[in-house]
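For reference, the chains in residue letters:
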Amino acid sequence: MTTKLWVKIFISVFVCLAVLMAVMVAVIDPFFHYHKPLGVFYYTLDNERYQNNGITRNFDYNALITGTSMTQNFKASQAQELWDKDFIKVCYAGAMYKEINDNIELALSTHDVDVVVRCLDGTYLLEDKDAERNDLGTYPEYLYDDNIFNDVNYLLNSTVIGGYCLPMIFNLVTGGESGITSFDEYSRWMEQATLGATGVLGDRTSYTAPEESVSTLTEEEIKTLTDTIKQNVTDTAAAHPDTQFYYFFPPYSAAFWGGSWEKGTLIKEIECYRLAAELILPYENIHLFAFDDMTDITCNLDNYRDVSHYGSDINDMILEMMAADENRLTLDNYNEYYDEMEQFYENYDFNSLIE
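A brief structural summary. All of these numbers come straight from a predicted model, not from anything done at the bench.

With that out of the way, let us pick up the overall build of the chain. The helix and strand inventory of the chain stands at 13 helices and seven strands. In terms of principal-axis extent, the alpha carbons of the chain reach across some 85 × 50 × 40 Å. Here the chain holds 355 residues, and the buried ones make up 50% of them. Taking contacts inside the chain between residues at least 6 apart in sequence as the whole, the part at least 24 apart equals 83%. Surface exposure of the chain reaches about 16900 Å², of which carbon and sulfur atoms provide 52%.

Okay, structure coming up:
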């Protein structure tokens, strides 16, 4: 057999295998790029930025939970009971405002969405409206666009083939269960977390009063915050008046505010919340909630994994309170709310947190 013939055979076999692998990925579709799950396989949900876009595009739902790691411990089943809607949960750990809102826009463009539950992280209020995290690895743009030619990055991806498709086929042929990771379990971190002062405070031995404090936002910061909220929060609500948006500021621990106090930025950071609320509250289909006044929770470090991340019991409470319209900010009460928050933490003994 000639070398030329061997080369032709090799190329033919290689092309056939490549086509076979690509067809396998497209049919099973573990990242839901083309369709929702097939009933015969078991789909493991374990990669937010690779799977959320497909979930948002192709699953059946009329409500969603989204946001950063502050929302990962929410249970979709609890939200379904409270709002009587069909929820998906598509969280983005570490995401800034634009990434989360882009996915909300996708949901609204592909589904009739009645309810959106989302956190609004105070730590990102002064980030640019288009800011994105660039420290979370390569972003799978090929899964988000409509360019069929770059789908080769998915269809012939060794991790997708070896890490997802082949194990799913093996599970099927060996009689394993079919189905999908529940949205209660998807992205949940509570069972791996250790709550308490040790993890929250680390090696901190005291809080030291700042030499000076910054209490006002600059004109540039006001513009940045305004642009961020407008593009990534209120414009979306204005364009979809029939959708009800249940948004909340996550209740960071007293240790978080102790760090802000020590840096001299506590009042300024609270002013960010006040301005954000002022911009959001005129929109009647945004229900805005805050829980920082629940100091029995925020000052008890047994509720926290670190200075900002609270345990799942707090997630449960937040859903229940939002559904019951409790702790809602309004145009009539938000200034008083933040005045009281400012007064509390300006006078709080943060060193009492240290055992």
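Another aspect to go through is the environment of Ile 270. Examined against the element boundaries, Ile 270 turns out to sit in helix H10 (residues 266-280). Along the sequence, Ile 270 and Thr 295 sit 25 residues apart, while their C-alpha atoms lie 15 Å from each other. The contact partners of Ile 270, leaving out residues within four places of it in the chain, are Trp 257, Tyr 338, Met 341 and Glu 342.

Bringing the pairing of strand E3 (residues 87-91) into the picture now. With respect to burial, E3 is a largely interior element, five of its five residues being buried. Every second residue of E3 is oriented toward a common face, with Phe 87, Lys 89 and Cys 91 on one face and Ile 88 and Val 90 on the other, all of them buried. Taken together, the five bridges between strand E2 (residues 63-67) and E3 define a ladder with parallel strand orientation. Residue pairing for E3: Ala 63 is matched across the bridge by Phe 87. Each parallel crossover has a hand, and the one from E2 via helix H3 (residues 76-83) to E3 is right-handed.

Attention shifts here to the packing of H3 against helix H12 (residues 312-323). Where H3 contacts H12, the two axes come as close as 10 Å, and the packing angle between them is 15 degrees. With respect to each other, H3 and H12 are oriented roughly parallel. For the element pair H3 and H12, the recorded crossing hand is right-handed. Across the interface between the two elements, Gln 78, Ala 79, Leu 82 and Trp 83 from H3 touch Asp 316, Leu 319, Glu 320, Met 322 and Ala 323 from H12. Within the contact of H3 with H12, the residues separate by chemical class into six nonpolar, one polar and two charged.

This part is about the sheet that holds E3. With parallel pairing, five strands are arranged side by side in an open sheet as E3-E2-E4-E6-E7. Each of the sheet's edge strands pairs with one partner strand only, and the pair in question is E3 and strand E7 (286-290). The average undirected angle you get between the axes of adjacent strands in this sheet is 15 degrees. As paired strands, strand E6 (residues 244-249) and E7 are joined by five bridges and run parallel to one another.

Each turn of an α-helix holds 3.6 residues, which means side chains three or four residues apart point in the same direction. The first and last C-alpha atoms of helix H4 (residues 97-110) sit 20 Å apart over 14 residues, in line with the 20 Å expected at 1.5 Å per residue. Across the 14 residues of H4, 10 count as buried, placing the element largely inside the fold. Among all positions of H4, only Tyr 97, Lys 98, Glu 99, Ile 100, Asn 101, Asn 103, Ile 104, Leu 106, Ala 107 and Leu 108 are buried. Considering only its buried residues, H4 is in contact with helix H2 (48-58), E2, E3, strand E4 (115-119), helix H8 (219-239) and E6.

You will see that Asp 325, though not glycine, has its phi angle at about 65 degrees, which is positive. Positive phi outside glycine occurs at Asn 327, with the angle close to 65 degrees. Structurally, the position occupied by Asn 327 is in the loop between H12 and helix H13 (334-346).

On to the side chain of Asp 184, then. With respect to the helices, strands and loops of the structure, Asp 184 is situated in the loop between strand E5 (179-180) and helix H7 (197-201). Although buried, Asp 184 forms no salt bridge, and the nearest oppositely charged side chain, Lys 89, lies 6.3 Å from it. With near-sequence residues (within four places) excluded, Asp 184 lies in contact with Phe 74, Lys 75, Ala 76, Ser 77 and Lys 89.

On to the packing of aromatic side chains. Inspection of the entire model under this criterion finds 30 aromatic pairs. Each ring, one from Phe 245 and one from Tyr 247, has its centre 5.7 Å from the other, and the planes form 65 degrees; the classification is edge-to-face. Summarising the burial analysis for this pair, Phe 245 and Tyr 247 share the class buried. One residue, Arg 204, lies across the ring of Tyr 207, its end atom 4.0 Å from the ring centre. Above the plane of the ring of Trp 189 lies Arg 305, whose end atom (NZ or CZ) is 4.2 Å from the centre.

Rules behind the numbers
- Residues numbered from 1 in each chain as written.
- Predicted model: local features only at pLDDT ≥ 70, side-chain atom pairs only at ≥ 80, totals over all residues.
- Heavy atoms only, no water.
- Helix = DSSP H or I, 4+ residues; strand = E, 2+ residues; numbered from the N terminus.
- Buried < 20%, exposed > 50% of the residue type's maximum accessible area, 1.4 Å probe, protein only.
- Contact = heavy atoms within 4.5 Å.
- Areas by Shrake-Rupley, 256 points an atom, 1.4 Å probe, with all protein chains shown as cover.
- Pairing = 2+ DSSP bridges.
- Right-handed = clockwise from strand over helix to strand, strands pointing away.
- Axes fitted to C-alpha atoms, helices over the stretch in contact; angles between N-to-C directions.
- Parallel < 35°, antiparallel > 145°, perpendicular 65-115°, else oblique.
- Left-handed = near helix turned anticlockwise from the far one by under 90°.
- Nonpolar A, V, L, I, M, F, W, Y, C, P; charged D, E, K, R; others polar.
- Expected span 1.5 Å × (residues − 1).
- Lys, Arg positive; Asp, Glu negative; His and termini not counted.
- Salt bridge = Lys/Arg side-chain N within 4 Å of Asp/Glu carboxyl O.
- Phe/Tyr/Trp six-rings, centres within 6.5 Å; stacked < 30°, edge-to-face > 60°.
- Lys NZ or Arg CZ within 6 Å of the ring centre and 35° of its normal.

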